[in-house]
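Geometric and topological summary
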Amino acid sequence: MAAGAADGDQRWLVECLTATLDTARDVRAFAEESLRQASLLPGYGAALTKVTINKEIPFGLPAVLLKQFIKQHWQEDEENFVPPVVSASEKEVIRQLLLTSLDDSHGKIRTAISMAVAAIGQHDWPEDWPELLPLLLRLIGDQSNGNGVRGALRCLALLSDDLDDTCVPKLVPELFPSLYRIISSPHLYENSLRAKALAIVHSCISMLGSMSGVYKRDTVSLMTSMLDPLMEQFSIILNSPVQSQNPDDWSMQMENFPRLPEAKISAVLAPLWQTFVSSFKIYNISSIQGSEDLDSVDYDSDGSERSLESFEIQFFELWTTLVGNSRLAKVIGGNIKELAYYTIAFQQITEEQVQSWSRDANQYVADEDDVTYSCRVSGSLLLEEMVTAYEDYGIDSILEASQMHFRESRESKQAGSADWWRLHEASLFALGSLSEQLCEAQDSGSTRYSVRDLLEQMLTDIVGTGVHQYPFLHARAFSIVAKFSSVISKGVKEQYLRSAAHAIASDVPPPVKVGACRALAQLLPESNQDLIQPNIMGILSSLVALLQQASDETLHLILETLQSAIKSGGEQSTLIEPVISPIILDVWVQHIADPFISIDAIEVLEAIKNAPGCLQPLVSRILPTIGSILGKPKLQPDGLIAGSLDLLTMVLKNAPIAVVKAVFDTCFISTILIVLESEDHGEMQNATECLAAFISGGRQELLVWGGEQGRTLKMLLDAASRLLDPTLESSVSFFVGSFVLQLILHMPSHLSPHIPDLIAAIVRRMQTSSIAGLKSSLIVTVARLVHLSAPNVDQFINLLLSLPAQGYENSLVYIMSEWSQLQGEIQGAYQIKVTTTALALLISTRHPELSKVEVQGRLIKTSAGITTRSKAWVAPDQWTKIPLPAKIFSLLADTLAEIQEQIVGGCDDDCEEDSDWEEIQNGDTDTSIPDDILYSASVPSTANPSIEHLNAMAKVFDEDDDDSYDDALSKSDPLNEVKLADFLTSIFVNMWESDRPLFEYLCQGLSDSQRSAIEKVLRK
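Residues numbered from 1 in each chain as written. Predicted model: local features only at pLDDT ≥ 70, side-chain atom pairs only at ≥ 80, totals over all residues. Heavy atoms only, no water.

Time to look at the overall build of the protein. Regarding its fold elements, the protein presents 51 helices and six strands. Burial statistics for the protein: of 1020 residues in total, 54% are counted as buried. Considering only intrachain contacts with a sequence separation of at least 6, the fraction spanning at least 24 residues in the protein is 73%. Surface summary for the protein: the accessible area is close to 44700 Å², and the carbon and sulfur share equals 50%. (Helix = DSSP H or I, 4+ residues; strand = E, 2+ residues; numbered from the N terminus. Buried < 20%, exposed > 50% of the residue type's maximum accessible area, 1.4 Å probe, protein only. Contact = heavy atoms within 4.5 Å. Areas by Shrake-Rupley, 256 points an atom, 1.4 Å probe, with all protein chains shown as cover.)

Given below as structure tokens:
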């Protein structure tokens, strides 16, 4: 029937589309390939459009293919473009065909056509498709054609999300009257259409509100003309009582609030508050108590969720926006206590959650750990915003609201209500979401209410209630004790620590055990050993038993708790090592494909390794098995080799030299062969990290262990060569920088003859890399080679000049062009210090070739307004070109300015803190320094700074056992002792004194803030 009504092209398309649904795989594959090839031929798009709009063809697939066709072939500059581009004549045919079908009676077809029209309109309107808007306005204005109104609104809604600052001012005067007529005519238009019209107005006003500069004056009058009539409609809509059975009413009331001015918000604040309060009554009955089945999820014609909870969540998002706006926050400041009160009420556990969490502990853990889409989470975000906006007043308001709900829950309990616990739990949940802010408030004493007193009163009241009757209340209490352990008194903590230890060993509901594990994980490391030691064996035994029963979601929590227990076990952990280690290794093997669980298991094994007397038995247990696995990598299941290398790296971390030697004898050659022969990215990455750990632990002794002279070094260099292969995927080489850095740090004399080849390989790898992080790590390696060459940095520059780089004059030009662009993106205290000081060493050479290199300077501003995709295509970012010394000088000034800002921001009037990033991150406790921190260092003005000078001015950092492993790998580097502020001061003072003309020339290109930073140190 369809084929008879269609022309030849349509008939063929219908047959192909039918064949794609065939049960035979060969038939489907042939049809799909035929359609793919046809999509490359002229006329395909027009024929597909005709099939899509043919009401006699009951297919949804043509519409899907049409959308894909537009995305791939319409615009050459699109990211997903596939040649050839559609011809202008065929585009015209497709546009006209689609416009005639926007009022299709089939909702799905109408939506698909609307999406196709919107996709084309984003490219062609208004220049190439001026008739689009007039037709959409005609459809919207035809009250007798409901399908046309729906199709046009759907199309406009899609278009409005992508309008830029040049379109909206032209569109609004023509569009708004039609939209306003729909919004203000409830007797003519259903609520879903009115909500859609409001959504379009919302997008337009949001765009107008974001426009500034040359557009601001024009947009004020436009917004005023729209908002004045809308405010009356907003009040009418909001004053209507919330109807529990009508999702269309909910969406209508939540489409009311685009970015409104303060005065306009004030006008509708009262009806808005009334809607919020009245909606809680319905939410309490239907969702919290579960008395009515009203919260089933529904979806509108666009596929957006419509439920009572989603309605309330949108309300929370609105309040959060209002509170977060400094001007609007003043408008509602007088109602913050009431807002906090109702927010906590909305955070009560719903009956659906009770049923779900009681059936499935995994779901309870997942919802507790993840930021889920719920009133509880959205309410917490609002409370956090209240604290940010109103500070102590916000905290006092939340504490007062929590206290009120606590009193109400006690009254309900005394009255015999079975649901009394919900408000109690919600109050604790709300306070727990603000634990960090409330602990700070308690310490500072800045609030009217005592956080400690309120919490302890609420926690004490729970003691004695039935754990089986109120499992979620007890679980919350354990969680609160963990979060507020620094505030709660020692007696209450010890009481809950004993209760938690008892709970994990008892037959209690799963949520209670989850809460008990959270409490133990936090309390064990900070509790009195006299209290822990008599109970630690029981706690460890109970956790091991739980581990054997755990499911995927609870496994992470139990492993975390077990790690804390082992760290707190002291000498007794040795007694249980033979029991715990095999079980953890079994968990590790079973979950080797799950990176989160396997890493958790390795961290538990690391805690066992660090426990007194456990290292040797653990290594003896692990090493034979890991050695046999790595020795036959091709026979192992997926993930086991990569996981075994992770485990091996953990064993090597901070291990005694005897352990490193034992691991070397068993696994070193296997690790090298994995790097040289494997094609698995994960295996190669983990093997690279493992080799870096071998070098860090074994250092130059590693070269002796290999037997034949030079054999170990050759293997390491072969591995580096493979990892720097420019044909490899960039991700495979991600850790090669750390590996090569260890060679530089621990085998510098052996590496020196190979530096030219190494730099050439680094350049080739960088040029084919698409990952900025890999390039940055290799730049750090080059920077460390700059330091290695000191005091003969000139010779290193000459070496770079002699090495080729594809597309560039030499390697110096390429490396410095990349380095100067990426310096600001380099992360890590050590990495920033190495690269910054290396740049300073380079500029200090005054090498004549440096000034011949031009690199990227400042961004050239080419246009005003918002940068849209179309603007970016037409006018991509442009940059100035400046000499390399000027760029280096600017980067050094940036770093100095940032250090000074940290000093000013972090100190009082009497003292300043040493604000080098590395001292903050390494936990240096002695951070007070004299006011003249940026004094001129004692480097002679005629000398180039060298490693000796750096060491002379340095302070050794306080070593912290809790530093990350990456920091540990580089901790032995003397550059860690450099005081970056002193070093930069030395560089600038040296240049000022020794070469004033050059100094003044380089200062010409600095910004005011950069120049000011340098002037400060010159005045010292």
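Glancing now at the pattern of salt bridges. Scanning all chains against the criterion turns up 22 salt bridges. In this structure, Glu-190 and Arg-150 form a salt bridge, with 2.7 Å as the shortest nitrogen-oxygen distance. On the criterion of sequence distance, the pair formed by Glu-190 in the loop between α9 (168-183) and α10 (191-210) and Arg-150 in helix α8 (residues 146-160) is long-range, its members being 40 residues apart. With its nearest N and O atoms 2.7 Å apart, the salt bridge here joins Arg-422 to Glu-351. Separated by 71 residues along the polypeptide, Arg-422 in helix α20 (residues 420-432) and Glu-351 in helix α17 (residues 351-359) bring together distant segments of the chain. Taking the relative accessible area as the measure of exposure, Arg-422 reaches 3% and is therefore buried. We classify Glu-351 as partly exposed; its relative accessible area is 23%. Linked through salt bridges whose partners overlap, the residues forming this network are Glu-368, Arg-376, Glu-425 and Arg-476. (Salt bridge = Lys/Arg side-chain N within 4 Å of Asp/Glu carboxyl O.)

Moving on to the packing of helix α39 (residues 755-767) against helix α41 (residues 793-802). Look at α39 against α41: their axes get within 10 Å of each other, and the N-to-C directions meet at 55°. Between α39 and α41, the angle is such that the two are oblique. For the element pair α39 and α41, the recorded crossing hand is right-handed. Facing α39, whose interface residues are Ile-755, Pro-756 and Ile-759, α41 presents Phe-796, Leu-799 and Leu-800. Taken together, the residues that form the contact of α39 with α41 break down as six nonpolar, no polar and no charged. (Axes fitted to C-alpha atoms, helices over the stretch in contact; angles between N-to-C directions. Parallel < 35°, antiparallel > 145°, perpendicular 65-115°, else oblique. Left-handed = near helix turned anticlockwise from the far one by under 90°. Nonpolar A, V, L, I, M, F, W, Y, C, P; charged D, E, K, R; others polar.)

Another aspect to go through is helix α19 (residues 375-414). In a regular helix each residue adds 1.5 Å, so 40 residues correspond to 58 Å; α19 covers only 28 Å between its end C-alpha atoms and thus falls short of that length. Residue Tyr-390 marks the point of greatest curvature in α19, where the axis turns by about 135°. Residue Gly-416 follows α19 closely and has a positive phi angle near 90°. (Expected span 1.5 Å × (residues − 1). Bend = angle between axes of the 7 residues up to and from the residue.)

Right, let's get into α39. Over its 13 residues, α39 extends 18 Å from the first C-alpha to the last, a length consistent with the 18 Å expected when each residue adds 1.5 Å. Looking only at α39, the buried set comprises Ile-755, Leu-758, Ile-759, Ala-760, Ala-761, Ile-762, Val-763, Arg-765 and Met-766. Looking at the packing, one finds that the buried side of α39 touches α36 (711-723), α37 (736-746), α38 (748-751), α40 (772-789), α41 and α42 (811-822).

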